[in-house]
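This is what each chain is made of:
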Amino acid sequence: NAGVMQNPRHLVRRRGQEARLRCSPVKGHSHVYWYRQLPEEGLKFMVYLQKENIIDESGMPKERFSAEFPKEGPSILRIQQVVRGDSAAYFCASSPLGTGDSPLHFGNGTRLTVT
Amino acid sequence: KQEVTQIPAALSVPEGENLVLNCSFTDSAIYNLQWFRQDPGKGLTSLLLIQSSQREQTSGRLNASLDKSSGRSTLYIAASQPGDSATYLCAVNSGSGNTGKLIFGQGTTLQVKP
């Protein structure tokens, strides 16, 4: 049973380019969460999605960031026109339930470096 | 606004010691609390989940307690081993439990020396 798969593991982008981070949840999980871990900081919630719906994007920067979780395929976190401050580890987590009753299953993260 | 704090930020102990990691949260109205382990360059592994109605949970050498009224949780590790070396994260589900959204502390980095 594969866990949460994130790719790429490492991503290097120059300032102004776009970054696309992919997350395949545990099979059968229809709830996906994205978190960001900045250097020397804790994990911060970004967005919560169900299939084809954004449920809570209160932690997402208002500009340049977007997320989707289509009916088929992985969840995508997209960062347009990246800046150095976007350098961080981005983690995806999935859950079979939309409530807090089930532990989240985390992927190994994508480490984004903006040069 | 809920804030989660973990003390100490780092801890180094000799192998075999029992140890306690601390987590505090500012708003006692939580749905549940989770402890995670994070190894360098890896994701998070869920260790224990305590519902707000529970006082403690145990898994092997790990025991987590929850005192909602005082806004505290502890993770007790018995007979520590070098393989326990990792960063331990505490996270609260601070809402009504209708989502899995978590608020994390900054973690305690544990080193267990052989």
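That block above? That's the structure.
Rules used throughout
Residues numbered from 1 in each chain as written. Chains lettered and ligands numbered in written order. Predicted model: local features only at pLDDT ≥ 70, side-chain atom pairs only at ≥ 80, totals over all residues. Heavy atoms only, no water. Contact = heavy atoms within 4.5 Å. Buried area = accessible area lost by both parts, 1.4 Å probe. Salt bridge = Lys/Arg side-chain N within 4 Å of Asp/Glu carboxyl O. Polar contact = N/O pair within 3.5 Å; in protein donor to acceptor, adjacent residues only side chain to side chain. Helix = DSSP H or I, 4+ residues; strand = E, 2+ residues; numbered from the N terminus. Nonpolar A, V, L, I, M, F, W, Y, C, P; charged D, E, K, R; others polar. Buried < 20%, exposed > 50% of the residue type's maximum accessible area, 1.4 Å probe, protein only. Phe/Tyr/Trp six-rings, centres within 6.5 Å; stacked < 30°, edge-to-face > 60°. 1 Å grid on protein atoms, 1.4 Å probe; cavity = no way out; pocket = protein on both sides within 12 Å on 5 of 7 lines; lining within 4 Å. Points joined across faces, edges and corners; volume = space filled by probe spheres on them.

1. What about the interface of chain A and chain B?
- Counting residues at the interface gives 24 residues for chain A and 23 residues for chain B.
- Summed over both sides, the interface between chain A and chain B buries roughly 1700 Å², with carbon and sulfur atoms accounting for 51% of that surface.
- Three residues stand out in chain A for area buried against chain B, namely A:Leu43, A:Gly100 and A:Phe106, and they jointly supply 28% of the buried area on that side.
- Inspection of the region where chain A meets chain B yields one salt bridge.
- With a shortest N-O distance of 3.4 Å, A:Asp56 and B:Lys101 are connected by a salt bridge.
- Where chain A touches chain B, the interface holds seven residue pairs in polar contact (both at pLDDT 80 or more).
- Counting residues per element, the ones that place at least two in the side of chain A that touches chain B are strand S4 (31-37) and strand S5 (43-50) of chain A.
- Class assignment of the residues belonging to the side of chain A that touches chain B gives a composition of nine nonpolar, nine polar and six charged.

2. With respect to the pattern of salt bridges
Residue and element names in this part refer to chain A.
- Scanning all chains against the criterion turns up six salt bridges over all chains.
- Of the charged contacts in the structure, one is a salt bridge between Arg78 and Glu18, with a shortest N-O distance of 2.9 Å. Pair noted here: Arg78 is in strand S8 (residues 75-79) and Glu18 is in the loop between strand S2 (10-13) and strand S3 (19-24), with a separation of 60 residues, a long-range link.
- Taking the relative accessible area as the measure of exposure, Glu18 reaches 29% and is therefore partly exposed.
- In this structure, a network of salt bridges that share partners links the residues Glu18, Arg20 and Arg78.

3. Notes on the packing of aromatic side chains
- In total, this model carries seven aromatic pairs over all chains according to the counting rule given.
- Both rings, one in A:Tyr35 and one in A:Phe106, keep their centres 5.8 Å apart while their planes meet at 50°; by these two values the pair is tilted. Of this pair, A:Tyr35 sits in strand S4 while A:Phe106 sits in strand S10 (residues 105-106); the two residues are 71 residues apart in sequence, bridging distant segments of the chain. One exposure class covers both A:Tyr35 and A:Phe106, and it is buried.
- Arranged with centres 5.5 Å apart and planes meeting at 85°, the rings of A:Phe106 and B:Phe36 form a pair that is edge-to-face.

4. What about the layout of surface pockets?
- Considered as a void within the structure, the largest pocket measures approximately 460 Å³ in volume.
- The wall of the largest pocket is formed by 19 residues, among which A:Lys44, B:Lys1, B:Gln2, B:Ile103 and B:Phe104 lie closest to the centre.
- Put simply, the parts of the chain that give the lining of the largest pocket at least two residues each are S5 of chain A together with strand S1 (4-7) and strand S10 (103-104) of chain B.
- Considering only residue class, the lining of the largest pocket consists of six nonpolar, eight polar and five charged.
- The volume enclosed by the second largest pocket comes to roughly 290 Å³.
- Considering the residues around the second largest pocket, the lining is formed by 15 residues, among which A:Gln37, A:Glu41, B:Thr87, B:Gln106 and B:Thr109 are closest to the centre.
- For the lining of the second largest pocket, a count of residues per class yields six nonpolar, six polar and three charged.

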